[in-house]
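Examination of the molecular architecture
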Amino acid sequence: MGKEVAAAIARWCALVDHPVTPRLTAICDINPAALEWFDTVTTKVTDYHDLLSDESIDVLYIAVRHDLHEQIYLDAVAAGKDFLGEKPFGIDLDAATRIVDAVEASNVFVRCSSEMPFFPGAQAAFERIRSGSLGRIIEATNYFSHSSDLDLAKPVNWKRQQRFCGASGVLNDLGLHALHVPLRLGWEPASVYAVLQDLVPQRPGPDGALAACDTFENATLLCAVEQEGGRFPLTLGMKRIDPAQKNTWALRVTGMEGGVEFSTRRPKTLKVMRLDGQEQVWQEVEMGSQSDFPTITGGIFETGFSDAMLQMWAAYLAERAGQLGDRFGCVTPREALASHRVVAAVMRSHAEQSVVEPSALSGRQRTGAGH
Ligand SMILES: NC(=O)c1ccc[n+]([C@@H]2O[C@H](COP(=O)([O-])OP(=O)(O)OC[C@H]3O[C@@H](n4cnc5c(N)ncnc54)[C@H](O)[C@@H]3O)[C@@H](O)[C@H]2O)c1
């Protein structure tokens, strides 16, 4: 992921009139071989403390294994460094709570990574929902799906081992991707019922022998969300084995007065439902390249993952500079904490085969709606 961010910064000139121009000056990895690729970087270190004590560095991007989040994020806060941290923002609810407490007791500007909602189609869908134009919500679905784990020969790695990834497995990996927009809309679930699947218990280890792959591959969550007049169902999916899906992020919301649907499978297409007398008509709007931050790319051209990364970083650095305005911002520490509350509720729901209220799992206040 560090390479993705380096590539986004190298393409910064595609942004039109952004208030900030970042320069990538330093990189850290405990594995010296991983440093080689970063050929334009002047500072290369293997101990992250050397970055924390470097006064020439303003902002860090921290992308490490989940079991390392807490220590490195807390050290960054203590050093007074602003950072964009990776999801899930701590290995579990307790770790996330300690990180967010430290962030909120400090002056550092911290956000969490989640780039998929920066696709133009996702932004357009979000705006239609947020505006209230759908009327009373009937139901909503958001999922994030991969399929490469269908290959049983794929070697085990840290994301497939609880001690590194976290007990919730795929929820720690893909959960925040599916929760970012619902939480931003103020849809923190009032209750959760989850079905978790451990589909592949073993995978080839480094020596080729089978090793434990003790994380859940797939999670399906049926959540209830409060709205005026009664609850509505929010179905969330986080799946490593959803055949034929390659990093597919999809959102579908229907209301009494309209609906929207967007999937990165068809990144050019926003589907919009409107009422036409007694009929309901789904129409397609062709999305171009433009998201929240304008770029030099022609409006008719296609968008992709790298563009979403650029937009996410544009949002982080604009917000840090106090210039986000009413644009869509990155995941806040409180939203990351809220996502951990949902994940903790999922784990209890799975263990007890019951419906669980996330708010009962922590004394922290719920996130608010809006940007
Ligand atoms: N936003 C996204 O779309 C997205 C995609 C993939 C991963 N991620 C997240 O990014 C984070 C990292 O995932 P990844 O896939 O890049 O992992 P990775 O294993 O590919 O890379 C992690 C790097 O951290 C290095 N490292 C380990 N310990 C270190 C330490 N103490 N100091 C410095 N470097 C250290 C490793 O050598 C490795 O090069 C995770 O939180 C993951 O959930 C986000």
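This one's a predicted model, so the numbers in the text were calculated from it and none came from an experiment.

The subject of this paragraph is the site of the ligand. Around the ligand there are 17 residues in total, and Met1, Ile30, Asn31, Ala63 and Glu86 lie nearest to it. When the residues that make up the shell around the ligand are grouped by side-chain class, the tally is eight nonpolar, three polar and six charged.

Here the residue pair lysine 87 and proline 88 is connected by a cis peptide bond, since its omega of 5° sits within 30 degrees of zero. Mapped onto the elements, proline 88 comes out in the loop between strand 4 (82–85) and helix 5 (93–104). For alanine 244, which is not a glycine, the phi torsion comes out positive at approximately 80°. Along the chain, the position of alanine 244 falls in the loop between strand 11 (232–239) and strand 12 (248–255).

Compared with an ideal rise of 1.5 Å per residue, which puts 15 residues at 21 Å, helix 8 (residues 170–184) spans 21 Å between its outermost C-alpha atoms and is within 8% of the ideal. Its axis deflected by about 40° at leucine 176, helix 8 carries its strongest bend there. Counting buried positions over the 15 residues of helix 8 gives 15, a clear majority of the element. Trailing helix 8 by a residue or two, glycine 186 shows a phi angle of about 85°, which is positive.

Reading across the sheet, the eight strands line up as 7-10-11-6-12-13-14-15 and stay open at both edges, with mixed pairing between neighbours. On the outer flanks of this sheet lie strand 7 (191–197) and strand 15 (279–286), each paired with one strand and no other. Strand after strand, the sheet turns through a mean of 10° between neighbouring axes, direction not considered. Judged from the five bridges that link them, strand 12 and strand 13 (residues 259–263) form a sheet pairing that is antiparallel. Within strand 13, the position partnered with threonine 254 by the bridge is glycine 259. In the packing of helix 10 (residues 333–352) onto the sheet, the strands contacted are strand 7 and strand 10 (218–225), and the crossing angle to strand 7 comes to about 65°.

Considering the arrangement of structural elements, one finds proline 32 in helix 2 (residues 32–35). With 10 C-beta atoms packed within 10 Å, proline 32 lands in the exposed category. Sequence separation of proline 32 and valine 156 is 124 residues, and the distance between their C-alpha atoms is 22 Å.

Counting buried residues in strand 15 gives zero out of eight residues, a small share hidden from the surface. Between strand 14 (residues 269–276) and strand 15, which pair antiparallel one after the other, the connecting turn spans two residues, and glycine 277 there sits at a positive phi close to 65°.

In this section: the domain arrangement of the protein chain. Domain assignment breaks the protein chain into domain 1 (2–112) and domain 2 (120–295 + 332–360). Centre-to-centre separation of domain 1 and domain 2, based on C-alpha positions: 25 Å. If you look at the interface, domain 1 gives 21 residues, while domain 2 gives 21 residues. Elements with a contribution of two residues or more to the side of domain 1 that touches domain 2: helix 4 (66–78), helix 5 and strand 5 (110–112). It is helix 5 that provides the largest number of residues to the side of domain 1 that touches domain 2, a total of five residues. Within the side of domain 1 that touches domain 2, the residues separate by chemical class into twelve nonpolar, four polar and five charged.

Conventions used here
- Residues numbered from 1 in each chain as written.
- Predicted model: local features only at pLDDT ≥ 70, side-chain atom pairs only at ≥ 80, totals over all residues.
- Near = placed C-beta within 6 Å.
- Nonpolar A, V, L, I, M, F, W, Y, C, P; charged D, E, K, R; others polar.
- Helix = DSSP H or I, 4+ residues; strand = E, 2+ residues; numbered from the N terminus.
- Expected span 1.5 Å × (residues − 1).
- Bend = angle between axes of the 7 residues up to and from the residue.
- Buried ≥ 20, exposed ≤ 12 C-beta atoms within 10 Å, placed from the backbone.
- Pairing = 2+ DSSP bridges.
- Axes fitted to C-alpha atoms, helices over the stretch in contact; angles between N-to-C directions.
- Contact = placed C-beta atoms within 7 Å.
- Domains from an automatic or database assignment.

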